[in-house]
Amino acid sequence: ELRELQVLVMIFMAENAHKMMGEFMRINGPIKALEIIYTYCTSSYAEHKRLVYFALLLQNRCIMNSNAAKKILETENAIQIWLYVFDISDEDSTKAVAARLIAIMCTNNMVCQQQLRQLKGVELFVQAISKYTELHKPMVGKKAGIKLGQHTDSDLENPEEYRGGG
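Observations regarding the layout of surface pockets
Empty space left among the atoms is revealed by rolling a probe the size of a water molecule over them.
In step 1: A volume near 380 Å³ is recorded for the largest pocket.
In step 2: Listed by contribution, the elements that provide at least two residues to the lining of the largest pocket are helix H6 (78-88), helix H7 (92-106) and helix H9 (121-135).
In step 3: Of the residues belonging to the lining of the largest pocket, the class tally is eight nonpolar, two polar and four charged.
In step 4: Of all the secondary structure elements, the ones that give two or more residues to the lining of the second largest pocket are helix H1 (2-16), helix H3 (29-40) and helix H4 (46-65).
In step 5: Sort the elements by how many residues they give to the lining of the second largest pocket and H3 lands first, with five residues.
In step 6: Partitioned by chemical class, the residues of the lining of the second largest pocket number ten nonpolar, two polar and one charged.

With respect to unusual backbone geometry
In step 1: With a phi angle near 60°, Asn 28 is a residue other than glycine that sits in the positive phi range.
In step 2: When you line up the elements, Asn 28 lands in the loop between helix H2 (21-26) and H3.
In step 3: Its relative accessible area of 40% is what places Asn 28 among the partly exposed residues.
In step 4: Backbone geometry at Asn 77 places phi at a positive 55°, although glycine is not the residue there.
In step 5: Tracing the sequence through the fold places Asn 77 in the loop between helix H5 (67-75) and H6.
In step 6: Given the relative accessible area of 34%, Asn 77 is considered partly exposed.

Definitions and cut-offs
- Residues numbered from 1 in each chain as written.
- Predicted model: local features only at pLDDT ≥ 70, side-chain atom pairs only at ≥ 80, totals over all residues.
- Heavy atoms only, no water.
- 1 Å grid on protein atoms, 1.4 Å probe; cavity = no way out; pocket = protein on both sides within 12 Å on 5 of 7 lines; lining within 4 Å.
- Points joined across faces, edges and corners; volume = space filled by probe spheres on them.
- Helix = DSSP H or I, 4+ residues; strand = E, 2+ residues; numbered from the N terminus.
- Nonpolar A, V, L, I, M, F, W, Y, C, P; charged D, E, K, R; others polar.
- Buried < 20%, exposed > 50% of the residue type's maximum accessible area, 1.4 Å probe, protein only.

And the structure:
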């Protein structure tokens, strides 16, 4: 029950943090959310995985609405924790939010870009993309929902209109 309550509180915070950003910043909310992420990211409990996911969403909401939160997370080396979560998480949605946070923090921010390079984050992202493409081969034909058929000029209403291909 306690784990479920923790998840509900984190969902509430993620949905409403922008309405109470001043108070959230006063209690060091971004740092506490970062601590929660680090503490529970290795847990195998479903509730803890949801808690980490919603804590990441909360941080996303924070950095989108507050430059002060962005600066705090930069000084706390949040990118290191988000990269760790990205690396060890088996949930695609959690990985996606962690990658989004890193991308937001690295946009026009040389300090975060340098942290990402030092932590070999670019290599980690390339490996993840490579692994994804190995496991998810492109679908063609009927599997992709495309109906393949042979068309001739006689199938077209006005064959001259479609001469360039397309």
